[in-house]
Every structure is written in structure tokens, then in C-alpha cells.
Amino acid sequence: MAKASSIQKNISRSKLIDKFSNRRKQLKSKIKDKKLSIEERIKLQNKLNDLPRNGSSIRHRNRCELTGRPRGNYRKFGLSRIKIRELSMSGDLPGMVKSSW
């Protein structure tokens, strides 16, 4: 089980990402516009830099929904490899069958 503070920090980051995503997209598209002068683009870059760092989507960490484990996660299930194995062995994940050949 991951630390509760790490899980909570990740949740607050995802809220900030939702809040600032439109602003970040607009500023980035304006910065990439070659028709603007360099001074205007630098001003836009400074506005982008003034936004909170945790509002960037790259700072979000995929975690297991049950344990909060940060590594070995499957996006399809939202679970870590350990929990997928436990749940599939007990038959709680529909469609998961132990392979044999």
C-alpha cells in the first residue's frame, strides 16, 4: 500500500490538470504560431511558466486504484500487476482466464 500522502498528492494534481488544461493548450498553440513576433511569443511563454507546475499532464502518475502502487500498472484495468493476478486467480475479473498450453 502506497503512502496516503502520495495518493492524495496525485489526486490534487489531476484536479489541477483538469483546471488548467484548456489554458495550457491555448498558450502552447499561440507559442507555436510562427506569425507572431518573438517578443509576443516570449510573453506567452512567460504566462505559460506562471501556471502551476502540477497543472501539467506529465506530472500525473498512473497508480493502482486499489493499492496506490505507482509501478507495474495496466491502463486497461487501472490496477497493478499484483492485484490483477490476485483478482484473476480468485475469479473476480471477468474475462480473465489462466492460460495453459
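That block above? That's the structure.
What comes next is a walk through the structure. (Residues numbered from 1 in each chain as written. Predicted model: local features only at pLDDT ≥ 70, side-chain atom pairs only at ≥ 80, totals over all residues. Heavy atoms only, no water.)

**Brief notes about the nonpolar core**
Spelled out, the test is: Here, the term nonpolar core denotes a set of buried Ala, Val, Leu, Ile, Met, Phe, Trp, Tyr and Cys residues that are joined through side-chain atoms within 4.5 Å. The rule is simple: take the accessible area with a 1.4 Å probe, protein chains only, and divide by the maximum for that residue type; under 20% is buried, over 50% is exposed, in between is partly exposed. We count a stretch as a helix when DSSP gives it H or I for four or more residues in a row; a strand needs E for two or more, and each element gets its number in order from the N terminus. Contact definition: two residues touch when any of their heavy atoms are within 4.5 Å.
Membership of the largest hydrophobic core is limited to 6 residues, which are Phe20, Leu27, Ile31, Leu44, Leu48 and Leu51. Among the secondary structure elements, those contributing two or more residues to this core are helix 1 (4–32) and helix 2 (38–50). Sort the elements by how many residues they give to this core and helix 1 lands first, with 3 residues. In this structure, Leu48 is in contact with Arg24, Leu27, Lys28 and Ile31, ignoring residues within four places of it in sequence.

**Digging into a nonpolar patch on the surface**
Condition: Any residue with relative accessible area above 30% and no salt bridge may belong to a patch, with like charges joined within 9 Å and the nonpolar Val, Leu, Ile, Met, Phe, Trp and Tyr side chains within 5 Å. Accessibility throughout is a Shrake-Rupley quantity obtained with a 1.4 Å probe, and a residue counts as covered only by protein chains that appear here. Note on definitions: salt bridges are taken to be side-chain nitrogens of Lys or Arg within 4 Å of carboxyl oxygens of Asp or Glu.
Together, Tyr74, Phe77 and Met96 line one region of the surface with nonpolar side chains, adding up to about 270 Å² of accessible area. Tracing the backbone through its elements, the reader meets Met96 in the segment after helix 3 (81–90). For Met96, a relative accessible area of 33% corresponds to the partly exposed category.

**Observations regarding the pattern of salt bridges**
Following the criterion strictly, the structure yields 1 salt bridge and no others. The shortest N-O distance in the salt bridge between Lys83 and Glu86 comes to 2.9 Å. With Lys83 and Glu86 both in helix 3 and 3 residues apart, the pair spans about one turn of that helix.

**Comments concerning the side chain of Asn10**
Turning to its location among the elements, Asn10 is positioned in helix 1. On the accessibility criterion, Asn10 (8% relative accessible area) is buried. Those residues in contact with Asn10 that sit more than four places away from it in its chain are Arg59, His60, Arg61 and Arg63.

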